[in-house]
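Take a look at the letters that make up each chain.
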Amino acid sequence: MARLRSGARSGASQTFPPAELAELYVAHRLSLVRLAILLVDDLASAEDVVQDAFAAMAGRRGRLDNSAAALAYLRTSVVNGSRSALRRRRTARGYVAPHEAPPDGPEGKAVIAEEHREVYEALERLAPRQREVLVLRYWSHLSEAEIADALGISRGSVKSTASRALDALEAILSKEGQR
Amino acid sequence: MSTIEDRLTSALTARAEQVQPEDLRPPEVPAPQVTWLRHPATYVVAAAACAAAIAAPFVVDLGDGDPSPTPPVTTPTPSETLPPQEDVGSDWPAELGTSPVDVDGDGVRDQIRVRHEPGKPLVGPRARIEVDLSSTGEEVFGIVPTLDWLVNVAEAVDLDGDGDRELTIFRDGSVPFAVLALRDGQLVEAEAPSEPRLVTGTIPTGDGRGRSSRVWKQDGGLFSYLSVDTFSGIEPLETPQVYPVDVTQWSLVDGALVPAPVGEQCVDHASTDPMTYDGLPVPCPEGYGTGGSSTLLPDQEDVIGPGESFAVSEGSESFTVSLDGSELVVVLPGGEERRVPLSGGGDPMVYTTPVNLAGGDLNVLVAQEGGDSSKMTLVTLRQGRVTATLTEGPVPFGNGWLGPDFDRSFRTWIGPEGVLYTRVQTEPGAEEYDVYRWSLGGTVSMGATPTLQPLLVRQGSRV
């Protein structure tokens, strides 16, 4: 049994400390928005998803062990929030006239290069879970274990999903190239 | 990296870097908010509020000045007359048959049709719910979003006591039910609060885990529950056989759904005959839920080491458990031997008191000490298969220290009646602990490697 250390007694922590939250917000907001935009495609939704993730963190009881754990929590929130946003959008699209559709990225930015656009459009055609695994692996550069934690799936699933997703991506690009 | 991996990395980087700091909205750090479902005051008042809540669900007062459930926006009020309804979807195909139910409250069942808007892959974004009212002979309808799922009428319940019945509409297992109320010759979707949610399925909690949720009709009322603890698995959740849930009763006021907390109960998969089990919550057995009063100590201390063995009986069957180097060996009643390698390092020891876990035929706890911590492994026998269980999630398993400075202790032990507990120090140096009782998840697939799921039984306890 581990022996307990003596010390002053203090109560259980309440919500996430505001100062730590503000630090996380400043440090990670941009990278999380970039992660979200790779999953939801438009900036407004990406910002909403990230804001919701920080709001959830603000309401969380107790602090996380370290900033890495906090970032992992936020990352998972962003992935889950992006999935929900996509689901909501599929519904909303039935009501939105084409000219009212959200813009395809930050206004006034250069259009993405053609070779990247092909890959990106192929990525959009993958199943949500496949896309999430590829984005976390090839943009966030997470390990299999970290991706498994973020998505709540096993490492084996991460490996097999990534492998199938790459095959599918290659097949889509190859088919598009033959047209 | 292969060519496709290089191309993908470049494309993702290019797309992500289109977002620059100046593209973002002005920064706005969210303020801390306490989710009322997890607020301690909710538990304190829940039992006392129960009777009053059912009789007068809109006057429940948390009474401590902290954030409390915000009543839904009351739109529209009954005094307002609804604008004429645009006839949408009368030509959509009727996809699903629905049993007739009495919607207008005249004692005669009314015919219901669910027309789905055509679309891909299965259905379009909306569905039209039509009812032929037997009392007037007129057809009424309402439109609900499908969220890409075939929707159907789940229940008809009088939620506002006006004699007619509201219809609950089931969609996906992770999105809330829609509720349609009959008003001014129209079926109008009721406003719903953001929490709790009317969901039958899993509500993800953002950390790779989720809460179990269910909606049901009972004694003429509409109820829902949400598990107090989170579970891994997600699709599906690996829920234990017994776990506590917060129960809510629902009413309809001025066109808005209003939740009233009923209190904490337990879903107990073993409480009734499996053939007739309805999955509805029942009063919790001893030791479950944050109000549990079971005794946590003394802990069981007898162990064996490498080269030693002990016999144990579970029900009418006897097993022999031994340690052979770094392998746990279980001899089954028929003489067959099963071996499980122990990956923790160091000399293992096995507790001779079996762990009492519903869902496992035999469960033994192995500890492997190293420094000021011990790795622990729960080995379980199910259907002749012996495996080391998984212990993923937010609660640590074994003995050791948490935090960046490793100054918050955690400890796992077998308590009275073989119950497995872990306590986690709330703050460095504090004499208060959050105590979790472990349960075996995986009620869905017995062939899968089982996962231990922590259930919070004491918060800030001086164990």
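Structure report, in brief. (Residues numbered from 1 in each chain as written. Chains lettered and ligands numbered in written order. Predicted model: local features only at pLDDT ≥ 70, side-chain atom pairs only at ≥ 80, totals over all residues.)

## Focus on the overall build of chain B
What chain B contains, in helices and strands, is two helices and 27 strands. A total of 463 residues make up chain B; the buried ones form 41% of that total. Here the contacts in chain B between residues at least 6 apart in sequence split such that 51% fall between residues at least 24 apart. (Helix = DSSP H or I, 4+ residues; strand = E, 2+ residues; numbered from the N terminus. Buried ≥ 20, exposed ≤ 12 C-beta atoms within 10 Å, placed from the backbone. Contact = placed C-beta atoms within 7 Å.)

## Quick notes on the pairing of strand β18 (residues 337-341) of chain B
Residues and elements named next belong to chain B. Burial analysis of β18 places just zero of its five residues in the buried class, a small minority of the element. Note: strand β17 (residues 327-331) against β18, five bridges, orientation antiparallel. Looking at β18, one finds that L328 is bridged to V340. Between the antiparallel neighbours β17 and β18 lie five residues, among them G335 with a positive phi of about 100 degrees. (Pairing = 2+ DSSP bridges.)

## Focus on the sheet that holds strand β23 (residues 400-402) of chain B
In sheet architecture, strand pairing relies on hydrogen bonds along the backbone and comes in two forms, parallel and antiparallel. Residues and elements named next belong to chain B. Here we have five strands laid out as an open sheet, ordered β23-β24-β25-β26-β27, and antiparallel in their pairing. Lying at the two open borders of the sheet, with one neighbouring strand each, are β23 and β27 (452-461). Strand after strand, the sheet turns through a mean of 25 degrees between neighbouring axes, direction not considered. Relative to strand β26 (residues 433-440), strand β25 (residues 420-425) runs antiparallel, the two sharing five bridges. (Axes fitted to C-alpha atoms, helices over the stretch in contact; angles between N-to-C directions.)

## What to know about the sheet that holds strand β16 (residues 317-324) of chain B
All names here are of chain B. If you trace the four strands from one edge of the open sheet to the other, you get β15-β16-β17-β18, paired in antiparallel fashion. Sheet topology places β15 (309-314) and β18 at the edges, where each strand pairs with a single neighbour. In this sheet, neighbouring strand axes are inclined to one another by 25 degrees on average, regardless of whether the strands run parallel or antiparallel. As judged from the six bridges shared by β15 and β16, these two strands associate in the antiparallel manner. Looking at the pairing, F310 lines up with V321 of β16.

Everything listed is a geometric property; what it means functionally is a separate question.
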